[in-house]
Amino acid sequence: MRKEKIVRPFGIRDKIGYLFGDFGNDFTFILSSSFLLKFYTDVMGVAAGVVGIVMMTARFVDSVTDVAMGRICDRSKVTKSGKFKPWLLRMCGPVAIASFLMYQSSLASASMTFKIIWLFITYILWGSVFYTSINIPYGSMASAISAEPGDRQSLSTFRTMGGMFAGAIVSVGVPLIVYDKVIQNGVEVDVMNGGRFTIVAGVFSVLAVLCYALCFALTTERVQPEVKEDVFLNNSVRKMLSNAFKNRALISIIVASIFMLLAQLTMQTMANYVYPNYYNNAAMQSMSFLVMALGMIISGILAKPLAKRFGKAEIGYVSSFFAAFISFLTFFIKPQNVWIFTVLQAICWLGLGLFSMISWALITDVIDHAEIVNGIREDGSVYALYSFARKLGQAASAGLTGGLLSLIGYTSATAFDPNVKDGIFAIATLLPAFGFLVLGLVLLLWYPLHKKQVERNVATLKEKHSNNSKVDDSLAKGVESVIDENVVDYENLNDLSIDKTHIEDDQATDSSNESTNSDNDNKTNGE
């Protein structure tokens, strides 16, 4: 008889473990998206536009590495630990080391050419190679941990909470540690201390490794589709990309993610300029992220019941329109009181938070939809394309932010000029407003997987997987039956030999009778 491995049911342990995965991710990701531009402009002396170009150039490398890593994940064999989890242990060290190397303030006195080359190499290694090779397997794990939509929504929520906790530590702790009060032109201003920033980057790298280890230890992969090599050989990269471009759900969620990241990361990055430069209050930057974190916590509480009641895409576009309205309102009000600005930003983050909480569950819906349409499950490949889109959003934010800062004349020397400060405020409010507006329109008018369609897809896949399971069980029982019968035959070999002898005697008797009858018939015919 077959012995089936008993798998621990999905529960809080998986949720906490998955939370730690994005906790680890965002110790390096948020540090890069929020402070890399500020570090290289203010400490290393590199122009903001150059940093933006480097970050956008890296996305061309990502177009290769992301897809390649997705294919590697899909073709990976299922190990004792699972299909995706082993990558967490393999790559946590390299991603942490590469992140630390990006922030070497000791190189500030090197030539400009060397600093730009150093930025390019370390940024490519961190983001395009090592971060890709850990983030794509981690994201693909969600659909392998559970097949239930409610469980996946919980994982999405906990993942976002993990990123929020890391974001709170990074965004609150860094400004309190790395800024010094100095006098410039008779005015006390906040200036970044490069040496302390390098130490902070090293600490965050160590914490990232610890979080990845906890994610590996606490989660369990339960959905383990068989890797059929012949199917993947027929499904080439070209065919996979062709299917992707025909997949309305995937393309629309990719576009939505680009504009979501454009809005979110612009808000995070420009906080490094709005508070120290426009409001001349770097300490308030830390307080602002605590207030914003409160909005995210409220979003985390509301996300699952609202998604269950109205649908994930539905609450996504409503919350995005709300965030866009608040951002436009902030620009036109232009509050001079830093507390009013912070409260408005926190309300905006409440809208952003609702979409963030359901965004990872949306991509699992897209993976399910792709399986139905294409007849093959490609968690890694689909997530790789989604991850690439998120990096495009990161690059768009860095590129536009860096370019616009250069356009308004920002340098370390002009950082506190009145016209430059007004430009900083405009970038910090109008660019996110535009991103939120487009995000809401994409989810409303283009993205097809609204509540009823998702429910139909879930039912279709449950029926498909149930039928496959029944076929597998029937085949297994048939094999067991054949084995059992063969065992009985060998054990009763002697009895079968006796039976065979009896059968041969009976056949001989029958043959003799038939011969006698034939002779009698011949005699009758002769007479």
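Since we're looking at a predicted model, the values are computed, not measured.

### Quick notes on a nonpolar patch on the surface
There is a patch of nonpolar side chains on the surface, built from F328, F332, L430, L437, L441, L444 and L445 and spanning about 630 Å² of accessible area. Listed by contribution, the elements that provide at least two residues to the nonpolar patch are α11 (312-333) and α14 (418-445). When residues of the nonpolar patch are assigned to their parent elements, the largest contribution, 5 residues, is made by α14. Note on placement: F328 falls in helix α11. Among the residues examined, F328 registers a relative accessible area of 30% and is labelled partly exposed.

### Observations concerning helix α4 (residues 112-145)
In this model, α4 (34 residues) spans 47 Å end to end at C-alpha, consistent with the 50 Å of a helix rising 1.5 Å per residue. The largest bend in α4 is about 50°, located at Y131.

### Considering helix α5 (residues 149-178)
The end-to-end C-alpha distance of α5, which contains 30 residues, comes to 42 Å, matching closely the 44 Å that a straight helix rising 1.5 Å per residue would cover. Burial analysis of α5 places 22 of its 30 residues in the buried class, which makes it a mostly covered element.

### Thoughts on the state of the cysteines
Per the counting criterion, the structure on display carries 0 disulfides. In this structure C215 is a free cysteine whose sulfur lies 9.3 Å from that of C211, the closest cysteine sulfur available. Judged by relative accessible area, which is 0%, C215 ranks as buried.

### As for empty space enclosed by the protein
Under the counting rule described, the total for this entry stands at 5 cavities of 30 Å³ or more. Within this model, the largest cavity holds a volume of roughly 470 Å³. As for the largest cavity, its lining consists of 29 residues, and the residues nearest its centre are D26, I30, G163, Q264 and Q268. For the lining of the largest cavity, the secondary structure elements donating two or more residues are α1 (12-42), α4, α5, α9 (248-278), α10 (282-310), α12 (338-374) and α13 (379-407). A total of 7 residues in the lining of the largest cavity trace back to one element, the largest contributor, which is α5. Classifying every residue of the lining of the largest cavity by side-chain character gives 14 nonpolar, 10 polar and 5 charged.

### Details of the side chain of Q285
In this fold, Q285 is placed in helix α10. Accessibility expressed as a relative area gives 0% for Q285, which makes it buried. When residues no more than four places from it in sequence are discounted, the contact partners of Q285 are F35, P175, Y179, A271, N272, Y275 and P276.

### Some details on the layout of surface pockets
Considered as a void within the structure, the second largest pocket measures approximately 340 Å³ in volume. Lining the second largest pocket we find 17 residues, and of these P149, G150, A307, K308 and K312 sit closest to its centre. For the lining of the second largest pocket, the secondary structure elements donating two or more residues are α5, α10, α11, α12 and α15 (451-491). Ranked by residues supplied to the lining of the second largest pocket, first place goes to α15 with 4 residues. Taken together, the residues that form the lining of the second largest pocket break down as 7 nonpolar, 4 polar and 6 charged.

### Notes on the environment of L302
As for its position among the elements, L302 is in helix α10. Sequence separation between L302 and G353 is 51 residues, and the spatial gap between their C-alpha atoms is 9.9 Å.

### Observations regarding the environment of C211
Considering the arrangement of structural elements, one finds C211 in helix α6 (residues 194-218). The exposure class assigned to C211 is buried, which follows from its relative accessible area of 7%. On a C-alpha basis, the gap between C211 and F27 in space is 9.4 Å, while along the polypeptide they are 184 residues apart. Apart from the residues within four sequence positions on either side, C211 is in contact with F20, F23, G24 and F27.

Reading the values: the criteria
Residues numbered from 1 in each chain as written. Predicted model: local features only at pLDDT ≥ 70, side-chain atom pairs only at ≥ 80, totals over all residues. Heavy atoms only, no water. Patch = residues over 30% accessible without salt bridge, like charges linked within 9 Å, V, L, I, M, F, W, Y side chains within 5 Å. Areas by Shrake-Rupley, 256 points an atom, 1.4 Å probe, with all protein chains shown as cover. Salt bridge = Lys/Arg side-chain N within 4 Å of Asp/Glu carboxyl O. Helix = DSSP H or I, 4+ residues; strand = E, 2+ residues; numbered from the N terminus. Buried < 20%, exposed > 50% of the residue type's maximum accessible area, 1.4 Å probe, protein only. Expected span 1.5 Å × (residues − 1). Bend = angle between axes of the 7 residues up to and from the residue. Disulfide = S-S within 2.5 Å. 1 Å grid on protein atoms, 1.4 Å probe; cavity = no way out; pocket = protein on both sides within 12 Å on 5 of 7 lines; lining within 4 Å. Points joined across faces, edges and corners; volume = space filled by probe spheres on them. Nonpolar A, V, L, I, M, F, W, Y, C, P; charged D, E, K, R; others polar. Contact = heavy atoms within 4.5 Å.

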